[in-house]
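# Report on the structure
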Amino acid sequence: MNKKWLSFPYLLWAIGFIIIPLCMVFYYGFTDRDGVMTFENVVAIFSPEHRKALFLALLLSLISTILCIILAYPLSLILAKMGNGKNSFLVIIFILPMWMNFLLRTLAWQTLLEKNGVINSILTYLHLPSLTIINTPAAIILGMVYNFLPFMVLPIYNSLSKIDPNVMNAARDLGANGFQAFLKITLPLSMPGVISGITMVFVPALTTFVISTLLGGSKILLIGNVIEQEFTQASNWHLGSGLSVVLMIFIVISIVVSSLSDKDGEGAGF
Amino acid sequence: MNKILHKIYLFLILLFLYAPIATLVVLSFNASKTRAKWGGFTFKWYQALFQNEVILEAFYTTLLIALLSALFATIIGTIAAIAMNGMKKGSKAAFMAVTNIPMLNAEIVTGISLMLLFISFGMRFGFSTVLFAHITFNIPYVILSVLPRLKQMNPSTFEAALDLGASPVYAFFKVILPDIFPGIISGFLMAFTMSLDDFIITHFTKGPGLDTLSTKIYTELKKGIKPEMYSLSTLIFITVLILLLLVNKTPKDKKNKKGSLQEEIIL
């Protein structure tokens, strides 16, 4: 049966609202206000302030991604080990926070972290030294880990729960101890999940401007903040687009790396 | 011993994930207007909420955009998924690649790319631009939840219906649609919730006169969030909880367990 014409509505939509807009970003990025072609907007990434914002964004998103792996892997192991019936319930528990408006959730961390906030009140009550991380890069990292942890847990959990328990049993039968079996069986088989988790955490963390605005005070600028300001305050769309092109280079790198190491699309997610 | 450690670890993670939510719920009952102080228990923000027309209108806009964008995305996405399921490998891969762009690309880039598009075509920023943007980022969620359902289907049933004299349209409604319906529903609910929760793309595609809850909160940041916002988001949270439970109640046969997990990953 010929179903080709069925793809037309989506094809038109995708060209109009996905492909053409992306081309516009490139067009704006490589032209100046008079429409003359220039590399200035892209090269602008090397100016000291932009370089600093990009470097800081890369650093913070890298740290958050690593922290997410460290937190998410044991969690996914525990979840995968629990009975099957409980799983959907637990998945809901971990996805559910994502549905409360994420601006408000992140803002709530302000209340928790503030100098006289909830956490410090508890620490003072316990006679422990107080925590002063609000408006520092540490608070931004916390916000990133908080917001994107579920994106790491779910793919890892998914790849872990796909592992046939008999493979594990065979390893144990053949004399591997628990740790060896984990190292030789579980870890390699769950790598696709970890890698897909890395892309799903790294890209939004690298490009965020909301978390840094909410938890970093007004002084810490990430590359996302710079681009956002070029569009909403400075109205320099050409510069903003040029910097976005640079950002896309990093996104493409992370996607290519993840698809190379995950050839059969085993890693959950997309 | 190990089990206790597991429980403690789970508890700590849950604490980390739910502490801000608990904070917001507590703040919605806080009589003092600032976030910093506890001024006693009150229901007044819940009453004030229903008199605050600005917030209610933003809420109404948010819901309307979520509903319409999810509806259009479901229609376009389902048709696209059916078409893609019948495609040869090459063109299917090309369609998948395009479908993945809005999902993998940074939201800020998707947002500004659409903003530049609307500017270049002289469209007036407002409800329709936000709606177009939301349909665009919602379609992939529908496609990715309908496609696995289609793959599991036995193509012979459709052919059998045709052999028995059904018209293709009739056969579609009688044979294909019932089979993929759970996928369509979960795609719709996913799209709806993604739209409800979106801030970044709305931020770049909305006009000055229009506000969704997210953009309203963002503009209120400097002046201080109105406590009614906390009571509204507490109510929304409970609603979403119910919605999620409903998604999970969608009938799922055992064979489809992997497919449904896949769907949830996308969430």
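Residues numbered from 1 in each chain as written. Chains lettered and ligands numbered in written order. Predicted model: local features only at pLDDT ≥ 70, side-chain atom pairs only at ≥ 80, totals over all residues. Heavy atoms only, no water.

## A few points about the overall build of chain B
Basically, it comes down to this: Each helix corresponds to a stretch of at least 4 residues labelled H or I by DSSP, and each strand to a stretch of at least 2 residues labelled E; elements are numbered beginning at the N terminus. The buried label applies to any residue whose accessible area, calculated with a 1.4 Å probe on protein chains only, is under 20% of its type's maximum; exposed applies above 50%, and partly exposed to all values in between. A contact between two residues is defined here by any heavy atoms of the two lying within 4.5 Å. Reported accessibility uses the Shrake-Rupley method at a 1.4 Å probe radius. Residues are deemed covered only where the shown protein chains occlude them. His is not counted, nor are the chain ends, whereas Lys and Arg count as positive and Asp and Glu as negative. Charge positions are represented by NZ for Lys, CZ for Arg, CG for Asp and CD for Glu.
Summing up its helical and strand segments, chain B has 12 helices and zero strands in all. If you list the helices and strands of chain B from N to C, you get α-α-α-α-α-α-α-α-α-α-α-α. If one aligns the C-alpha atoms of chain B with their principal axes, the spans along those axes are about 70 × 65 × 30 Å. Burial statistics for chain B: of 267 residues in total, 54% are counted as buried. Across chain B, every contact between residues at least 6 apart in sequence was considered, and the portion connecting residues at least 24 apart equals 71%. Summing over all exposed atoms, chain B offers an accessible surface of approximately 12,600 Å²; the carbon and sulfur share of this is 69%. If you average the places of the 24 positive and of the 14 negative side-chain charges in chain B, the two averages end up 7 Å apart.

## Structural notes on the domain arrangement of chain B
Residues and elements named next belong to chain B. Keep this limit in mind: Just so you know, the domain bounds were taken from an automatic or database domain assignment. Summed over both partners, the accessible area lost on bringing two parts together, with a 1.4 Å probe, is the buried area.
According to the domain assignment, chain B contains domain 1 (1–42) and domain 2 (53–266). Computed over C-alpha atoms only, the centres of domain 1 and domain 2 are separated by 31 Å. Facing the eight residues of domain 1 at the interface are five residues of domain 2. Carbon and sulfur atoms make up 76% of the area that domain 1 and domain 2 hide from each other, which totals about 620 Å².

## Examining the interface of chain B and chain A
How we decide: For this document, the term salt bridge refers to a Lys or Arg side-chain nitrogen within 4 Å of an Asp or Glu carboxyl oxygen. In protein, a polar contact requires one atom able to donate a hydrogen and another able to accept it; more generally it is a pair of N or O atoms within 3.5 Å, and residues adjacent in sequence count only if both atoms are side-chain atoms. Only Asp, Glu, Lys and Arg are considered charged, only Ala, Val, Leu, Ile, Met, Phe, Trp, Tyr, Cys and Pro nonpolar, and every remaining residue, Gly among them, polar.
Tallying the contact residues gives 79 residues for chain B and 81 residues for chain A. Together chain B and chain A conceal approximately 7,800 Å² of surface at their shared face, both sides included; 80% is due to carbon and sulfur atoms. Across the contact surface, chain B and chain A share zero salt bridges. Here chain B and chain A share six residue pairs in polar contact (both at pLDDT 80 or more) between them. Sort the elements by how many residues they give to the side of chain B that touches chain A and helix α1 (residues 2–27) of chain B lands first, with 14 residues. Residues of the side of chain B that touches chain A, tallied by class, amount to 59 nonpolar, 15 polar and five charged.

## As for the domain arrangement of chain A
Many descriptions give the size of an interface as the accessible area lost when the pieces come together. Residue and element names in this part refer to chain A. You can read the domains of chain A as domain 1 (1–30) and domain 2 (42–260). Listed by partner, the interface residues are six residues for domain 1 and eight residues for domain 2. Both faces combined, the contact of domain 1 with domain 2 buries some 620 Å², and carbon together with sulfur accounts for 81% of it. Considering only the surface of domain 1 that becomes buried against domain 2, Val 25, Tyr 28 and Gly 29 emerge as the three largest contributors, covering 68% of it. Joining domain 1 to domain 2, the criterion identifies zero salt bridges.

## A word on the environment of Ile 253 of chain A
All names here are of chain A. Its place among the elements puts Ile 253 in helix α12 (residues 237–260). By relative accessible area, Ile 253 is classed as partly exposed at 47%. Sequence-wise, Ile 253 and Phe 102 are 151 residues apart; in three dimensions their C-alpha atoms are separated by 27 Å.

## Here's the deal with the packing of aromatic side chains
Our working rule: Pairing of aromatic side chains requires ring centres within 6.5 Å, counting the rings of Phe and Tyr and the six-membered ring of Trp. Pairs whose planes differ by under 30 degrees are stacked, by over 60 edge-to-face, and all others tilted.
One pass over the full model with this rule turns up 26 aromatic pairs over all chains. Note on Trp 13 of chain A and Phe 17 of chain A: the rings are 4.5 Å apart at their centroids and 35° apart in plane angle, and the pair reads as tilted. Separated by four residues within a single helix, Trp 13 of chain A and Phe 17 of chain A lie in helix α1 (residues 8–29), roughly one turn from each other. Relative to Phe 173 of chain B, the ring of Phe 172 of chain B lies with its centre 5.2 Å away and its plane at 75°, an arrangement referred to as edge-to-face. Through a chain of ring-to-ring contacts, three or more aromatic side chains come together here, namely Trp 13 and Phe 17 of chain A together with Phe 118, Phe 125 and Phe 132 of chain B.

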